[in-house]
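Structural overview for review
For reference, the chains in residue letters:
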Amino acid sequence: MKDNYYFDNAATTWPKPECVYTSIDRVYRALGVNPGRAGHAMSVEAESHVARARRLLSEFFGHRGSPERVVFAANATDALNTALLGVLQPGDHVITTRLEHNSVLRPLHHLRERIGLEVSHIPADGKGYVDPDDIAAAFNRRTRLIVATHASNVLGSVQPIAAFGAVARERGALLLVDACQTAGVVPIDMDRMHIDLLAFTGHKGMFGPMGSGGLVVGEGVDVKASRFGGTGVNSAAPSQPTDYPHRLEAGTLNLVGILGLEAAQDWFADLGRTSGSQDADPDEAGASSADSHGVLTRRALRVVEARELGITGRMLDALEQIPGVTIHGPGIATPRVSTFSMNVAGLDAAQVGDMLDGDGNVCVRAGLHCAPMLHQDMGTLETGGTVRFSPGFFTDEEDVSAALDAILEIARFAQR
Ligand SMILES: Cc1ncc(COP(=O)(O)O)c(C=O)c1O
């Protein structure tokens with residue numbers, strides 16, 4: 001019996017692959033000095049890990065531009081702020097969705113108040129999908145940006161990002177994607193999906209530590225600096241360097257976070273190497289080398305995705321049989337990630353969350369999931385939100401049984 005049955009991977013993945021812990025410990029002990037700030041050998045070697053992490057992440061996200069355009073950030077919220085504040089100008093129009101997390105909604109609200117931005121929020125259908133035609137119909141002369149989450153952090157529905165990208169490209173706007181819930185689970189190819197800016201967090205599906213993440217800036221896209229400070233280059237100049245990554249990376253980097261992301265990238269590549277999956281992959285056609293990091297990690301993501309969706313499918317099948325349980329969103333329909341939301345009739349989400357934790361040691365997130373517009377559309381804003389389960393790669397059958405048994409008991413209790 002485990003101490004905890006963890007179903008809160010959408011908040012942060014836990015545990016991480018063992019090699020992430022060991023690599024951080026080993027490399028940080030040996031090279032835990034300021035990368036890029038000095039010419040001594042240790043600093044240069046620490047910097048070489050940072051550069052390698054940029055290169056791996058660039059390939060991982062199908063970014064065909066310079067790896068220097070992978071800009072490290074404190075998390076996705078930080079990266080989204082950097083992108084939105086660095087791209088939008090007074091009078092611009094932005095199209096976004098009602099699925100968004102507050103890390104998109106609040107910077108947009110701030111900019112609306114501060115510089116008079118116009119924002120259109122496009123609703124999703126009842127299953128949690130936004131129609132690209134609705135995005136196209138919202139365009140006006142001043143539309144500068146589409147910003148959209150790749151997957152809903154409440155429902156798990158994966159959005160047709162490539163279609164959003166095609167609309168943006170056709171109309172001369174930029175596409176910024178919040179990949180928090182997909183990075184490390186769903187293959188992302190910035191080039192093919194026409195993604196201009198990709199914000200990712202390091203501590204969820206990417207298996208890095210908390211406090212890590214980044215913004216990948218497409219070639220030819222201009223993001224102005226909104227923070228200023230030391231970079232270790234051009235120190236005599238009064239203004240921020242304009243080259244990437246220094247333009248958007250002021251201050252000492254989170255070396256532990258970056259080492260963790262680097263180790264996790266190696267873990268994905270190893271999984272791809274050992275997955276044995278030699279199925280023809282259309283994405284691999286034309287790839288420079290069959291064992292390139294991009295190809296290996298895409299192969300790994302097929303394994304991750306299949307494993308996680310297998311667990312979600314089994315859980316949804318079982319939960320649908322329990323009287324009083326309501327499941328929100330796409331059900332087992334795809335495209336989706338493993339995260340799903342549910343409620344138990346007669347109890348609010350917080351009560352269910354407390355019972356799961358207190359009686360069953362089942363860890364979920366209950367309540368509003370920082371996505372107020374979606375909760376409003378679902379009718380769960382006033383009723384206390386939903387119970388969110390997010391199985392992860394390391395969720396096993398024991399976790400699933402514990403969670404299902406606990407929900408069955410809670411639903412029976414609620415019907416008494
Ligand atoms: C869709 C989405 N966007 C943004 C965020 C913010 O991520 P972070 O807190 O790591 O910045 C989250 C985290 O829950 C999320 O689910």
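Here is what the cut-offs are and how they apply
Residues numbered from 1 in each chain as written. Predicted model: local features only at pLDDT ≥ 70, side-chain atom pairs only at ≥ 80, totals over all residues. Helix = DSSP H or I, 4+ residues; strand = E, 2+ residues; numbered from the N terminus. Rg over C-alpha atoms; globule rule 2.2 N^0.38 Å. Buried ≥ 20, exposed ≤ 12 C-beta atoms within 10 Å, placed from the backbone. Contact = placed C-beta atoms within 7 Å. Expected span 1.5 Å × (residues − 1). Arc of directions from axis to C-beta. Core = buried A, V, L, I, M, F, W, Y, C linked by C-beta atoms within 7 Å. Domains from an automatic or database assignment. Pairing = 2+ DSSP bridges. Axes fitted to C-alpha atoms, helices over the stretch in contact; angles between N-to-C directions. Nonpolar A, V, L, I, M, F, W, Y, C, P; charged D, E, K, R; others polar. Near = placed C-beta within 6 Å.

This part is about the overall build of the protein chain. Broken down by element type, the protein chain carries twelve helices and 13 strands. Expected size for 416 residues packed as a compact globule is a radius of gyration near 22 Å; at 22 Å, the protein chain falls within 12% of this value. Dimensions of the protein chain along its principal axes, counting C-alpha atoms only, are 75 × 50 × 40 Å. Out of the 416 residues in the protein chain, the part that is buried amounts to 49%. Of the contacts formed within the protein chain by residues at least 6 apart in sequence, a portion of 71% connects residues at least 24 apart.

Here helix H12 (residues 397-415) is 19 residues long and its end C-alpha atoms lie 27 Å apart, about the 27 Å a rise of 1.5 Å per residue gives. Among the residues of H12, Asp399, Ala403, Ala406, Ile407 and Ile410 are the ones counted as buried. Mapping the buried residues of H12 onto a view down its axis gives an arc of 100 degrees, with all of them on the same face. For H12, exposure combined with an orientation more than 90 degrees from the buried face picks out Glu397, Glu398, Ser401, Arg412 and Gln415.

A few words now on the nonpolar core. Residues Ala83, Ile146, Leu198, Ala199 and Leu215 are the most contacted members of the largest nonpolar core, which totals 111 residues. Here this core takes eight residues from helix H8 (residues 255-274), the largest share from any one element. Residue contributions to this core reach at least three from each of two domains, namely domain 1 (5-14 + 307-415) and domain 2 (18-272). Discounting chain neighbours no more than four positions away, the residues touching Leu215 are Val71, Ala73, Ala79, Thr82, Ala83, Leu197, Ala199 and Leu248.

Moving on: the sheet that holds strand S2 (residues 70-73). Here seven strands make up an open sheet; going across it, the order is S2-S8-S7-S6-S5-S3-S4 and the pairing mixed. Edge positions in the sheet fall to S2 and strand S4 (118-122), since each of these pairs with one other strand and no more. Sheet twist, expressed as the average angle between the axes of neighbouring strands with direction ignored, equals 20 degrees. Pairing geometry for strand S3 (residues 93-97) and S4, over five bridges, is parallel. Bridging from a neighbouring strand, Ile95 pairs with Ser120 of S4.

This paragraph deals with the domain arrangement of the protein chain. Segmenting the protein chain into domains produces domain 1 (5-14 + 307-415) and domain 2 (18-272). Every contact between the two is made by 24 residues of domain 1 and, on the other side, 27 residues of domain 2. Contributions of two or more residues to the side of domain 1 that touches domain 2 are made by strand S10 (340-344), helix H11 (372-378) and strand S13 (386-389). Looking at the side of domain 1 that touches domain 2, the element that brings in the most residues is H11, giving three residues. Grouping the amino acids of the side of domain 1 that touches domain 2 by side-chain chemistry returns ten nonpolar, ten polar and four charged.

The topology assignment puts Gly205 in the loop between strand S7 (197-201) and strand S8 (213-217). With 31 C-beta atoms packed within 10 Å, Gly205 lands in the buried category. Non-local contacts of Gly205, meaning those with residues more than four positions away in its chain, are made with Thr13, Ala183, Gly184 and Val185.

Right, let's get into the site of the ligand. Neighbouring the ligand are the residues Asn75, Ala76, Thr77, His101, Ser103, Thr149, Asn153, Asp178, Cys180, Gln181 and Thr201. Considering only residue class, the shell around the ligand consists of two nonpolar, eight polar and one charged.

Here we come to the sheet that holds strand S9 (residues 325-328). Pairing within the open sheet is antiparallel, and its four strands lie in the order S9-S10-S13-S12. Across the chains shown, the open sheet's two edge strands, defined by having one partner strand only, are S9 and strand S12 (365-367). With strand direction ignored, the average angle separating the axes of adjacent strands in the sheet is 30 degrees. Packing against the sheet, helix H10 (residues 349-360) makes contact with S10, S12 and S13, and its axis sits at approximately 155 degrees to S12. Its contacts with the sheet place H12 against S9, S10 and S13, and it is angled at close to 30 degrees to S10.

Helix length check: helix H1 (residues 18-31) (14 residues) gives 20 Å between terminal C-alpha atoms against 20 Å at 1.5 Å per residue, within 8%. Within H1, the full set of buried residues consists of Val20, Ile24 and Val27. Mapping the buried residues of H1 onto a view down its axis gives an arc of 90 degrees, with all of them on the same face. For H1, exposure combined with an orientation more than 90 degrees from the buried face picks out Glu18, Thr22, Asp25, Arg29 and Ala30.

In this section: the pairing of S13. Where burial is concerned, the two faces of S13 agree: the one with Thr386 and Arg388 and the one with Val387 and Phe389 are both buried. As defined by bridge partners, S10 adjoins S13 across three bridges and the pair is classed as antiparallel. The partner of Met342 across the bridge, within S13, is Val387. The pairing of S12 with S13 spans three bridges and is antiparallel. Across the sheet, residue Ala366 finds its bridge partner in S13, namely Val387.

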